[in-house]
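Fold and geometry: a report
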Amino acid sequence: MSSCPADLAPLYGRTVVVKIGGHAMTAEAHLRAFAADVTALRAAGVRPVVVHGGGPQISAHLQRLGQEPAFRSGLRVTTPETMDVVRMVLAGQVQRNLVGLLNRHAPVAVGMTGEDARTLTAVRRYALDGGRRVDIGLVGEVTEVDPALVGDHLAAGRIPVISSIAPGTEGEIYNVNADTAAAALAVALGAERLCVLTDVDGIQQNWPGPGPVLRELTVSQARRLQPDLSGGMAPKVEACLTAVTGGVGSAHILDGRREHALLHSLSTGEPLGTRLVPDGVAQPSEGSSRCSR
Ligand SMILES: Nc1ncnc2c1ncn2[C@@H]1O[C@H](COP(=O)(O)OP(=O)(O)O)[C@@H](O)[C@H]1O
Ligand SMILES: CC(=O)N[C@@H](CCC(=O)OP(=O)(O)O)C(=O)O
């Protein structure tokens, strides 16, 4: 377990959805530190729900099979054959690895996908290219969330670890962007926070040039920023907006490779990454606890 003395009292009994992206999972050491942080949250009485990505891991597997990964507007072009790989890598390799690491601390992590108890339902999502709708195959957009199974796990003290795969209404299975899935779950669960762990310390101004990280954004400011966003940051900001406008207290984009970033952002410690808050809501000034080893 982590030795971080984070003050998590304000989040006692509250649900926190933590999305960990594939780029924050490329080193085993980062994953182990992440598992320790999530376990520390639970030990402090917070109810963590983990949603994971695995884009780079899927791409690596496709390449091993001799297939070149393809993306449109940041979404993977997903043929039925690609979907088999997506499901195998996300719900197999990545989810199993996370569950195993979490269970080393306390045997309470349970893996699932949006298919289980039909937690997520999706419809086909199209990419937009110059205002044109482009068919990208079995890519889904979440239309419904049934939070009952996740709620049962939380009530039993378990840590759900969820892969971003969702069934349609006709038996088809969709590949859902993990940021999008995390936001939909955070809203449906009435979560207090959404934390999106990636490989950058938040939204950088003037990207890809050098620029400061934007530490706090209101919903209106984030919306004004959206047209200038590119790459992986676009779905993250969209997800944070969905969460905060859907009732989640705040959403954070953090560097998941930084030790204790998750605990720092949730405790009353120094602000990290970018925090997105509702318009007109004065954020309580945060205290001074520090995490250190
Ligand atoms: N304004 C920005 N600030 C920081 N990173 C940005 C920005 N715009 C795009 N990015 C890119 O977004 C990436 C994170 O998204 P992504 O690669 O999808 O990560 P993940 O696997 O965690 O979902 C960063 O590594 C960076 O290359
Ligand atoms: C439709 C779509 O693009 N799905 C993503 C799902 C995984 C994901 O979102 O992983 P990260 O969080 O690591 O980016 C993909 O196939 O890569």
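Residues numbered from 1 in each chain as written. Chains lettered and ligands numbered in written order. Predicted model: local features only at pLDDT ≥ 70, side-chain atom pairs only at ≥ 80, totals over all residues. Heavy atoms only, no water.

The chain is annotated in an unreviewed UniProt entry as Acetylglutamate kinase from Streptomyces cinnabarinus. The annotation that UniProt attaches to the chain under Catalytic activity (unreviewed entry) is "N-acetyl-L-glutamate + ATP = N-acetyl-L-glutamyl 5-phosphate + ADP". Per UniProt, the chain has the following entry under Sequence similarities (unreviewed entry): "Belongs to the acetylglutamate kinase family. ArgB subfamily." (UniProt positions renumbered as here; feature names shortened; annotations may be inferred.)

**Quick word on the overall build of the chain**
Looking only at helices and strands, the chain has eight helices and 18 strands in total. In terms of its C-alpha atoms, the chain occupies a principal-axis envelope of roughly 50 × 45 × 35 Å. When the 293 residues of the chain are sorted by exposure, 50% land in the buried category. Of the contacts made within the chain by residues no fewer than 6 positions apart, 72% connect residues no fewer than 24 positions apart. For the chain, the exposed surface amounts to about 12600 Å²; the carbon and sulfur share of it is 49%. (Helix = DSSP H or I, 4+ residues; strand = E, 2+ residues; numbered from the N terminus. Buried < 20%, exposed > 50% of the residue type's maximum accessible area, 1.4 Å probe, protein only. Contact = heavy atoms within 4.5 Å. Areas by Shrake-Rupley, 256 points an atom, 1.4 Å probe, with all protein chains shown as cover.)

**Section: the UniProt feature "domain: Aspartate/glutamate/uridylate kinase" (unreviewed entry) in the chain**
UniProt tags residues 15-255 as "domain: Aspartate/glutamate/uridylate kinase" (unreviewed entry). Measuring from the first to the last C-alpha atom of residues 15-255 gives 21 Å, for a span that is 37% helix and 28% strand.

**Some points on the site of ligand 2**
Lys19, Gly22, Arg76, Asn175 and Ala178 are the nearest of the 15 residues found near ligand 2. One nitrogen or oxygen atom from the main chain of Gly54 is found 3.0 Å from an oxygen atom belonging to ligand 2. Here ligand 2 loses 92% of its free accessible area of 430 Å² to cover by the protein chains. Of the residues forming the shell around ligand 2, the biggest block, three residues, is contributed by helix α2 (residues 55-64). (Near = heavy atom within 4 Å. Polar contact = N/O pair within 3.5 Å; in protein donor to acceptor, adjacent residues only side chain to side chain.)

**Here's the deal with the environment of Leu272**
Structurally, Leu272 is set in the loop between α8 (261-266) and β18 (274-277). Under the relative-accessibility criterion, Leu272 is labelled buried at 7%. A C-alpha to C-alpha distance of 25 Å links Leu272 and Ile162, two positions 110 residues apart in sequence.

**A look at the environment of Leu149**
Along the chain, Leu149 turns up in helix α4 (residues 148-155). Residues contacting Leu149, with those up to four places away along its chain left out, are Met112, Asp116, Ala117 and Thr119.

**Let's talk about the site of ligand 1**
Taken together, 16 residues sit near ligand 1, with His23, Thr198, Asp199, Gln204 and Lys236 positioned nearest. Contact with the protein chains removes 83% of the 580 Å² of surface that ligand 1 exposes when unbound. For the shell around ligand 1, the elements supplying multiple residues, two or more each, are β13 (193-198), β14 (203-204) and α7 (233-245). By residue class, the composition of the shell around ligand 1 is five nonpolar, eight polar and three charged. (Nonpolar A, V, L, I, M, F, W, Y, C, P; charged D, E, K, R; others polar.)

**Quick look at α2**
Among the residues of α2, those classed as buried are Gln57, Ile58, Ser59, His61 and Leu62. Structurally, α2 contributes buried residues whose contacts are with β3 (71-72), β4 (75-76) and α3 (80-103). One or two positions beyond α2, positive phi appears at Gly66, with a value near 85°.

**Remarks on the UniProt feature "site: Transition state stabilizer" (unreviewed entry) in the chain**
The sites that UniProt annotates as "site: Transition state stabilizer" (unreviewed entry) are Lys19 and Lys236. Look at the named residues: they lie 218 residues apart in sequence, but the longest C-alpha span between them is just 10.0 Å, so in the fold they bunch up. Structurally, the position occupied by Lys19 is in strand β1 (residues 15-20). For Lys19, a relative accessible area of 5% translates into the label buried. Leave out the neighbours within four places in its chain, and Lys19 touches Val51, Gly53, Ala178, Asp179, Ala182, Cys195, Val196, Leu197 and Lys236. A distance of 2.9 Å separates a polar atom in the side chain of Lys19 from a polar atom in the side chain of Asp179. Following the sequence through the fold, Lys236 ends up in helix α7. Look at Lys236 and you get buried, because its relative accessible area is 8%. Sequence-distant contacts of Lys236, that is, excluding residues within four places in its chain, are made with Lys19, Asp179, Val196, Thr198 and Ile253.

**Structural notes on α7**
A rise of 1.5 Å per residue sets the reference length of α7, with its 13 residues, at 18 Å; its end C-alpha atoms lie 18 Å apart and thus fit the reference within 8%. Buried residues of α7: Met233, Lys236, Val237, Ala239, Cys240, Leu241, Ala243 and Val244, and no others. (Expected span 1.5 Å × (residues − 1).)

**Considerations on the packing of α2 against α3**
Where α2 contacts α3, the two axes come as close as 9 Å, and the packing angle between them is 125°. In terms of axis orientation, α2 runs oblique to α3. The two elements α2 and α3 meet at a crossing, and its hand is right-handed. Contacts between α2 and α3 pair Gln57, Ile58, His61 and Leu62 from the former with Thr82, Val85, Val86, Met88, Val89, Leu90, Gln93 and Val94 from the latter. (Axes fitted to C-alpha atoms, helices over the stretch in contact; angles between N-to-C directions. Parallel < 35°, antiparallel > 145°, perpendicular 65-115°, else oblique. Left-handed = near helix turned anticlockwise from the far one by under 90°.)

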